[in-house]
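# An overview of the molecular structure
What follows is the residue order along each chain.
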Amino acid sequence: MPPLPPITQALLLVNVAMFCLQLFLGGWLERVLALWPLGYGFLPWQVVSYAFLHGSVGHLFFNMLGLWMFGSELERLWGGRRYLQFYFASVLTAALTQLVVGLLVGGAPTVGASGGLFGLLLAFGMMFPNRTIMPLFPPIPMKAKTFVMVFGGLELLFGVTGTASGVAHFAHLGGMLGGFLMIRYWRGQPPFGRR
């Protein structure tokens, strides 16, 4: 197994450290760093800080597993600087999407690296479309592009129907949108001009 690239390693360590701080500081840390709906405790830095908090050990584990699976390879492909730009573009777009959804239908505070992770998932599917992935649930091998379409479709379905409430499905989709737009920007494709 190749060594863990430095930015992915740093993101993993920061997320785990922040989760440990949450265990000790609990509600106070979440009131300051979670992404709160506009008008209900929102502070500007929360559009980034929410991505370093997690709701449970399982939430942290699966996000960090995805970060390791998809992020490591993308960091090796793009280099640290571009990888970090991409990750935070996905995190920001996920946050903005969640804020808009919160204005329309209300909402609770949001935590988790899932928006950034879904951006990485989309990028992995675009960069390595025919790579075979074996998801944990269900354990059926599929091509990366199929995996991305299935997960994106499920997030849209769950978001529209309100299934699995308590999960920020539209933030996940926002992360994918941010990732998609960032790749199009790098490639000089519409809606962006040539670079």
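Our subject is the structure that appears above.
Figured I'd write up the structure that's included with this text.

Conventions adopted
- Residues numbered from 1 in each chain as written.
- Predicted model: local features only at pLDDT ≥ 70, side-chain atom pairs only at ≥ 80, totals over all residues.
- Heavy atoms only, no water.
- Helix = DSSP H or I, 4+ residues; strand = E, 2+ residues; numbered from the N terminus.
- Rg over C-alpha atoms; globule rule 2.2 N^0.38 Å.
- Buried < 20%, exposed > 50% of the residue type's maximum accessible area, 1.4 Å probe, protein only.
- Contact = heavy atoms within 4.5 Å.
- Areas by Shrake-Rupley, 256 points an atom, 1.4 Å probe, with all protein chains shown as cover.
- Lys, Arg positive; Asp, Glu negative; His and termini not counted.
- Charge placed at Lys NZ, Arg CZ, Asp CG, Glu CD.
- Core = buried A, V, L, I, M, F, W, Y, C linked by side-chain atoms within 4.5 Å.
- Polar contact = N/O pair within 3.5 Å; in protein donor to acceptor, adjacent residues only side chain to side chain.
- Patch = residues over 30% accessible without salt bridge, like charges linked within 9 Å, V, L, I, M, F, W, Y side chains within 5 Å.
- Salt bridge = Lys/Arg side-chain N within 4 Å of Asp/Glu carboxyl O.
- Expected span 1.5 Å × (residues − 1).
- Phe/Tyr/Trp six-rings, centres within 6.5 Å; stacked < 30°, edge-to-face > 60°.

## Focus on the overall build of the protein chain
Looking only at helices and strands, the protein chain features seven helices and two strands. Starting at the N terminus and ending at the C terminus, the protein chain contains elements arranged as α-α-α-α-α-β-β-α-α. Against the compact-globule benchmark of 16 Å for 195 residues, the protein chain has a radius of gyration of 16 Å, which places it among compact chains. The principal-axis extent of the C-alpha atoms belonging to the protein chain is close to 45 × 40 × 35 Å. Within the protein chain, buried positions represent 44% of all 195 residues. Restricting to contacts in the protein chain with at least 6 residues of sequence separation, those with at least 24 account for 69%. Accessible area for the protein chain stands at about 10,200 Å²; split by element, carbon and sulfur atoms hold 72% of it. Of the charged side chains in the protein chain, 11 are positive and 4 negative, and the gap between their average positions amounts to 14 Å.

## Describing the nonpolar core
In this structure, L67, F70, L74, F86 and L120 are the most contacted members of the largest nonpolar core, which totals 48 residues. Mapped by element, the contributors of at least two residues to this core are α1 (6-33), α3 (57-78), α4 (80-105), α5 (114-127), α6 (144-161) and α7 (169-187). With eight residues, α4 is the largest single contributor of residues to this core. Excluding residues within four positions of it along the chain, F86 makes contact with W78, G119, L120, A123, G179, M182, I183 and W186.

## Focus: the side chain of Q22
Looking at the secondary structure, you find Q22 in helix α1. A polar contact is formed between the side chain of Q22 and the side chain of E30, at a distance of 2.9 Å. Excluding residues that lie within four positions of it along the chain, Q22 makes contacts with L29, E30, L53 and H54.

## As for the environment of M18
Tracing the sequence through the fold places M18 in helix α1. Linking M18 and V160, residues 142 residues apart in sequence, is a C-alpha distance of 31 Å. Beyond its immediate sequence surroundings of up to four residues, M18 is in contact with L29, L33, F52 and L53.

## Quick notes on the environment of P129
Looking at the element boundaries, P129 is found in the loop between α5 and β1 (132-133). Excluding residues that lie within four positions of it along the chain, P129 makes contacts with F124, K143, A144 and K145.

## Section: a nonpolar patch on the surface
Taken together, the side chains of L21, L23, F24, L25 and W28 present a nonpolar region at the surface, about 590 Å² in accessible area. Turning to its location among the elements, W28 is positioned in helix α1.

## Things to note about α7
Its 19 residues place the ends of α7 28 Å apart at the C-alpha level, agreeing with the 27 Å of an ideal helix rising 1.5 Å per residue. Regarding α7, the residues found buried are H169, A171, H172, L173, G174, G175, M176, G178, G179, M182, I183 and W186. Elements in contact with the buried residues of α7: α3, α4, α5 and α6.

## Structural notes on the environment of R184
Looking at the element boundaries, R184 is found in helix α7. R184 sits 10 residues away from R194 along the chain, and the two C-alpha atoms are 10.0 Å apart. Beyond its immediate stretch of four places on either side in the chain, R184 contacts Q189, P190, P191 and F192.

## Focus on unusual backbone geometry
Geometrically, the link from P190 to P191 is a cis peptide bond, its omega value of 10° lying close to zero. Mapped onto the fold, P191 is located in the segment after α7.

## Focus: the packing of aromatic side chains
The geometry of an aromatic ring pair comes down to the distance between the two centres and the angle between the two planes. Scanning all chains against the criterion turns up 12 aromatic pairs. With a centroid separation of 5.1 Å and 65° between ring planes, the pair formed by F70 and F124 is classed as edge-to-face. Residue F70 is located in helix α3, and its partner F124 is located in helix α5; the two are separated by 54 residues in the primary sequence. Both residues of the pair, F70 and F124, count as buried.

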